[in-house]
Amino acid sequence: MDQETAYLKKRFIDLSKRAEDKNIVTFSNFLNLNELNIFHQVSKELYSSFETFGGYDYAERQMVAFIPDALYYVWEYPIQTIQFTPSHPKFAEALTHRDVLGALMNLGIKREMLGDILMLADRIAVFCTESVSSYLMENCIKIRRTNVTAQQLSAAAFDYHPVFQEKDGIVSSFRLDTILADICKLPRSGAQKIISEGNAFLNAKKIQQNDYLCQNGDILSVRHYGKFQIETIDGVTKKGRIKYRYKVYC
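Here the structure is a predicted model, which is why all the values come from computation and not from measurement.

This next bit is on the overall build of the protein chain. Counting its secondary structure elements, the protein chain contains 6 helices and 14 strands. Taking all 250 residues of the protein chain together, the buried fraction comes to 43%. The contacts of the protein chain with a sequence gap of at least 6 include a subset with a gap of at least 24, amounting to 61%. Surface accessibility of the protein chain: about 13,900 Å² in total, with carbon and sulfur atoms responsible for 48%. For the protein chain, the centre of its 31 positive side-chain charges and the centre of its 29 negative side-chain charges are spaced 7 Å apart.

Structure, rendered in structure tokens:
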């Protein structure tokens, strides 16, 4: 176990113990897929119960809330949603996720303080911790050469439904390497390399077994390839191969 992994595991257990000892809900920062995977490895060692959330359904980067058993008050995640829109849409550039992240990081905001960044049709939604939301709104006035206007949204005001592209596939089995190879259009050896290097996640958990059997409804995240949902199993071909459908997060 490397030092970073050992530190994270200890940190999660300490946060859980603090929640139980002080009878207050404690929170992690935003965790990426690899950090969420490490968290799930120690979930049975925690002193408290827990929930995860990233500010909206389907969020990839999420916070963990450590919840004491004898909790007596209503709590909320310390997550804020900031919406950025071009101040002068006519002169706005075509911005990318990297442009937005770079602008925020250049303000000195640490990545763990930021959740998902959603590039929507006419706006950008950024999820962040409450501790940096005011600073972000006051100081992020330009992304690349585009002047932007910031607005804080309540959870109720943020209405987001991910855009999917549905596709059909045919595979010999529901093994992870077979599904990944079909979805990402790779040879089986290429899919197995991705899995062995720890770059494939099912439902935010790193899976490194090629023969792991995928299930209907699983969310598959593959670094550098994207995010997918295995939606339905439609039947078999005359040669006994499995027909299935999957969604590509756009």
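Contact pair helix α5 (residues 176-184) / helix α6 (residues 188-196): the axes reach a minimum separation of 8 Å and the direction vectors enclose 115°. What the angle tells us is that α5 and α6 run roughly perpendicular. Remark: the crossing between α5 and α6 carries right-handed chirality. Contact residues: α5 offers Leu176, Asp177, Thr178, Leu180 and Ala181, while α6 offers Arg188, Ala191, Gln192, Ile194 and Ile195. Residues of the contact of α5 with α6, tallied by class, amount to 6 nonpolar, 2 polar and 2 charged.

Now for the sheet that holds strand β1 (residues 26-27). Ordered by their spatial adjacency, 3 strands build an open sheet running β1-β3-β2, and the pairing between neighbours is antiparallel. Looking along the sheet, the strands with just one partner apiece sit at the ends: β1 and β2 (49-53). When β1 meets strand β3 (residues 63-67), the two strands line up antiparallel, connected through 2 bridges. Across the sheet, residue phenylalanine 27 finds its bridge partner in β3, namely alanine 65.

Turning to the sheet that holds strand β5 (residues 114-119), a few remarks are in order. Spatially, β5-β6-β4-β8-β7 is the arrangement adopted by the 5 strands of the open sheet, whose pairing is antiparallel. At either margin of the open sheet sits one strand with a lone partner, and together these are β5 and β7 (142-143). The sheet contact formed by β7 and strand β8 (residues 146-153) spans 2 bridges and is antiparallel. Looking across to β8, one finds that isoleucine 143 is bridged to threonine 146. Sitting on the sheet, helix α3 (residues 97-105) touches β5, β6 (124-129) and β7, and the angle it makes with β5 is about 140°. Each of β4 (79-86), β5, β6 and β8 touches helix α4 (residues 130-139); the most contacted strand, β6, lies at about 135° to it.

Right, let's get into the packing of aromatic side chains. Summed over all chains, the structure comprises 15 aromatic pairs. Summarising the aromatic geometry, the rings of tyrosine 56 and tyrosine 160 are spaced 5.4 Å apart at their centres and angled 80° between planes, so their arrangement reads as edge-to-face. Of this pair, tyrosine 56 sits in the loop between β2 and β3 while tyrosine 160 sits in the loop between β8 and β9 (164-171), and the two are 104 residues apart along the sequence. Sitting over the ring of tyrosine 249, lysine 227 keeps its end group 4.8 Å from the ring centre.

So, about the nonpolar core. The biggest cluster of nonpolar side chains holds 23 residues, and the ones touching the most others in it are Phe174, Ile179, Leu180, Ile183, Leu220 and Tyr244. If you tally residues by element for this core, the top one is α5, at 6 residues. Of all hydrophobic cores here, the second largest spans 17 residues; its members include Phe84, Val100, Ala103 and Val132.

Our next topic: the confidence of the model for the protein chain. The share of residues in the protein chain with pLDDT of 70 or more is 99%, and the mean pLDDT across the chain is 92. Summarising per-element confidence for the protein chain, the mean pLDDT is lowest in strand β13 (residues 226-236) (85) and highest in β1 (98).

This next bit is on the packing of helix α1 (residues 3-22) against helix α2 (residues 33-41). Two elements in contact, α1 and α2, have axes whose closest approach is 9 Å; the angle formed by their N-to-C orientations is 60°. Our classification of the angle between α1 and α2 gives oblique. With respect to the hand of their crossing, α1 and α2 are arranged in right-handed fashion. Mapping the contact onto sequence places Thr5, Leu8, Lys9 and Phe12 in α1 and Glu35, Ile38, Phe39 and Gln41 in α2. Class assignment of the residues belonging to the contact of α1 with α2 gives a composition of 4 nonpolar, 2 polar and 2 charged.

About the criteria used
- Residues numbered from 1 in each chain as written.
- Predicted model: local features only at pLDDT ≥ 70, side-chain atom pairs only at ≥ 80, totals over all residues.
- Heavy atoms only, no water.
- Helix = DSSP H or I, 4+ residues; strand = E, 2+ residues; numbered from the N terminus.
- Buried < 20%, exposed > 50% of the residue type's maximum accessible area, 1.4 Å probe, protein only.
- Contact = heavy atoms within 4.5 Å.
- Areas by Shrake-Rupley, 256 points an atom, 1.4 Å probe, with all protein chains shown as cover.
- Lys, Arg positive; Asp, Glu negative; His and termini not counted.
- Charge placed at Lys NZ, Arg CZ, Asp CG, Glu CD.
- Axes fitted to C-alpha atoms, helices over the stretch in contact; angles between N-to-C directions.
- Parallel < 35°, antiparallel > 145°, perpendicular 65-115°, else oblique.
- Left-handed = near helix turned anticlockwise from the far one by under 90°.
- Nonpolar A, V, L, I, M, F, W, Y, C, P; charged D, E, K, R; others polar.
- Pairing = 2+ DSSP bridges.
- Phe/Tyr/Trp six-rings, centres within 6.5 Å; stacked < 30°, edge-to-face > 60°.
- Lys NZ or Arg CZ within 6 Å of the ring centre and 35° of its normal.
- Core = buried A, V, L, I, M, F, W, Y, C linked by side-chain atoms within 4.5 Å.
- pLDDT = per-residue confidence, 0-100.

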